[in-house]
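Below are the chains, spelled out letter by letter.
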Amino acid sequence: IQNEPDWSPEYDGCEWSGAQILDFIKNYGDKIKAKVLAAEAVNFQTKYTDPVLNDPVAVNNLDIVGGHLYGGGLRDYPLAREKGKEIWMTEHLLNDEKDNYGLGWDQALVVAKELHDCMEANFSAYFWWYLKRSYSMLGDGELGTIEGQIMKRGYVMSHYAKYAAGKQRVAVSKINNNANILITAYSGQDDITLVLINNGTTAVGGLKINIPVEAKSCEAVQTSTNENMFNLNTSLDADKKSASIELPAQTIVSIRFGI
């Protein structure tokens with residue numbers, strides 16, 4: 001209903017309080033013939049949506065809880081989940097001259113961790129601002145980029161777009177609690193997928209992945225500072241319920257088990 005209601009910009013804008021958002025959604029939300037999203041606060045301040053979620057009338061007029069991550073706010077929102085609402089991260093951008101506007105692989109890994117953290121926080125969607133810029137997912141011809149070129153951040157996003165989108169996230173149990181290894185897993189209609197990130201400077205070899213059902217196939221791709229969605233030689237173990245992969249330092253690997 002309003003972009004960044006807690007922000008007072010130099011250009012035309014509109015500030016709302018949590019009480020005003022509650023009033024609008026409670027009294028007019030059911031008249032909007034589309035899905036209603038609130039409140040897209042700059043740093044996902046829940047004080048703008050708690051009143052709606054706690055109101056027995058307004059809560060039925062709200063479909064999606066949304067927020068941005070400028071300055072923080074990346075955390076689980078149990079109240080929204082309790083009320084059966086999807087949680088969307090609807091805008092964020094990381095770019096700064098001091099990090100060469102995010103063109104390097106180290107900054108792409110920052111985006112990768114943020115995507116992972118959003119998935120672990122039970123978010124259902126992640127929107128980046130915006131797609132085609134020299135510091136974004138696709139080059140625009142500025143800062144030495146090529147028009148339409150897929151940037152490193154674009155390949156990071158593609159791991160989740162190809163291996164997480166349209167699926168249900170499922171729990172992961174890690175035997176080796178290496179804090180540098182980040183894993184999320186997803187269940188689809190005919191597959192189980194995982195996105196793994198090694199943020200550390202040391203490779204992890206022989207990482208065994210076990211799934212609860214037999215699989216028919218197994219494939220994996222890898223992105224690093226030198227590779228983009230590179231196809232890995234991966235095969236199922238004899239039990240058809242596991243596979244082993246190598247996870248080089250500062251690398252993203254996505255794996256799909258066909259079931």
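Please refer to the structure placed before this passage.
Residues numbered from 1 in each chain as written. Predicted model: local features only at pLDDT ≥ 70, side-chain atom pairs only at ≥ 80, totals over all residues. Heavy atoms only, no water.

Some remarks on unusual backbone geometry
Moving on, step 1. Between A38 and A39 the backbone carries a cis peptide bond, its omega angle lying at 5°.
Moving on, step 2. Looking at the secondary structure, you find A39 in strand β1 (residues 37–41).
Moving on, step 3. The phi dihedral of M229 is positive, around 50°, even though this residue is not glycine.
Moving on, step 4. Of note in this structure, Q250 is not a glycine but carries a positive phi near 50°.
Moving on, step 5. Locating Q250 in the fold gives a position in the loop between β11 (242–247) and β12 (251–258). (Helix = DSSP H or I, 4+ residues; strand = E, 2+ residues; numbered from the N terminus.)

Section: the nonpolar core
Moving on, step 1. Within the largest apolar cluster, 48 residues are counted, with the highest numbers of intra-cluster contacts made by I21, I25, L53, L62, V156, Y160 and I252.
Moving on, step 2. Setting aside chain neighbours within four positions, we find I21 in contact with I1, P5, W16, A38, A39, Y48 and V52.
Moving on, step 3. Core analysis: the next-biggest nonpolar cluster, separate from the first, contains 20 residues, I192, A215, I245 and L247 among them. (Core = buried A, V, L, I, M, F, W, Y, C linked by side-chain atoms within 4.5 Å. Buried < 20%, exposed > 50% of the residue type's maximum accessible area, 1.4 Å probe, protein only. Contact = heavy atoms within 4.5 Å.)

Notes on the packing of helix α4 (residues 105–120) against helix α5 (residues 152–163)
To characterise two packed helices, one gives the angle between the axes of the helices and the distance between these axes.
Moving on, step 1. The geometry of α4 relative to α5 is characterised by a closest axis approach of 8 Å and an angle of 25° between their N-to-C directions. Looking at the two axes, α4 sits roughly parallel to α5. The way α4 lies across α5 gives a crossing that is right-handed. Residues W105, Q107, A108, V111, A112, L115, H116 and M119 of α4 touch α5, and the partners they reach there are K152, R153, V156, M157 and Y160.
Moving on, step 2. Looking at side-chain class alone, the contact of α4 with α5 contains nine nonpolar, two polar and two charged residues. (Axes fitted to C-alpha atoms, helices over the stretch in contact; angles between N-to-C directions. Parallel < 35°, antiparallel > 145°, perpendicular 65-115°, else oblique. Left-handed = near helix turned anticlockwise from the far one by under 90°. Nonpolar A, V, L, I, M, F, W, Y, C, P; charged D, E, K, R; others polar.)

Some points on the sheet that holds strand β3 (residues 86–91)
Moving on, step 1. Read across the sheet, four strands follow the order β1-β2-β3-β4 without closing on themselves; strand pairing throughout is parallel. The strands lining the two open edges of the sheet, one partner per strand, are β1 and β4 (125–126).
Moving on, step 2. One ladder, built from four bridges, connects β1 with strand β2 (residues 64–68); its direction is parallel. Its bridge partner being in β2, A38 is matched across the sheet by V65. (Pairing = 2+ DSSP bridges.)

Focus on the environment of G206
Moving on, step 1. Of note, G206 is situated in strand β8 (residues 204–210).
Moving on, step 2. A sequence separation of 39 residues divides G206 from I245, and the C-alpha atoms of the two residues are 5.6 Å apart.
Moving on, step 3. Every residue in contact with G206, bar those within four places of it in the chain, is listed here: I245 and E246.

Structural notes on the pattern of salt bridges
Moving on, step 1. Considering all chains together, one arrives at eight salt bridges under this definition.
Moving on, step 2. For D30, the salt bridge goes to K31, with nearest N and O atoms at 3.7 Å.
Moving on, step 3. Note on K31: relative accessible area 54%, which makes it exposed.
Moving on, step 4. Where R256 meets E219, a salt bridge forms, and the shortest distance between an N and an O atom there is 3.3 Å. With R256 in strand β12 and E219 in strand β9 (residues 217–223), this pair connects stretches of sequence that are 37 residues apart.
Moving on, step 5. Exposure remark for E219: the relative accessible area of 40% places this residue in the partly exposed category.
Moving on, step 6. Residues joined in a network through salt bridges with shared partners are K167, D191, E219 and R256. (Salt bridge = Lys/Arg side-chain N within 4 Å of Asp/Glu carboxyl O.)

Observations regarding the layout of surface pockets
Moving on, step 1. Taken as a whole, the largest pocket encloses approximately 550 Å³ of empty space.
Moving on, step 2. Taken together, the elements giving at least two residues each to the lining of the largest pocket come down to β3, α4, β4, α5 and β5 (168–170).
Moving on, step 3. At three residues, the largest contribution of residues to the lining of the largest pocket is made by α5.
Moving on, step 4. Within the lining of the largest pocket, the residues separate by chemical class into 12 nonpolar, five polar and five charged.
Moving on, step 5. The calculated volume of the second largest pocket comes to roughly 450 Å³.
Moving on, step 6. Forming the walls of the second largest pocket are 22 residues, and the residues nearest its centre are V172, S173, K208, I209 and N210.
Moving on, step 7. For the lining of the second largest pocket, the secondary-structure elements that each account for two or more residues are β6 (181–187), β7 (191–198) and β8.
Moving on, step 8. Ranked by the residues each element gives to the lining of the second largest pocket, the list is headed by β8, at five residues.
Moving on, step 9. Within the lining of the second largest pocket, the residues separate by chemical class into 15 nonpolar, five polar and two charged. (1 Å grid on protein atoms, 1.4 Å probe; cavity = no way out; pocket = protein on both sides within 12 Å on 5 of 7 lines; lining within 4 Å. Points joined across faces, edges and corners; volume = space filled by probe spheres on them.)

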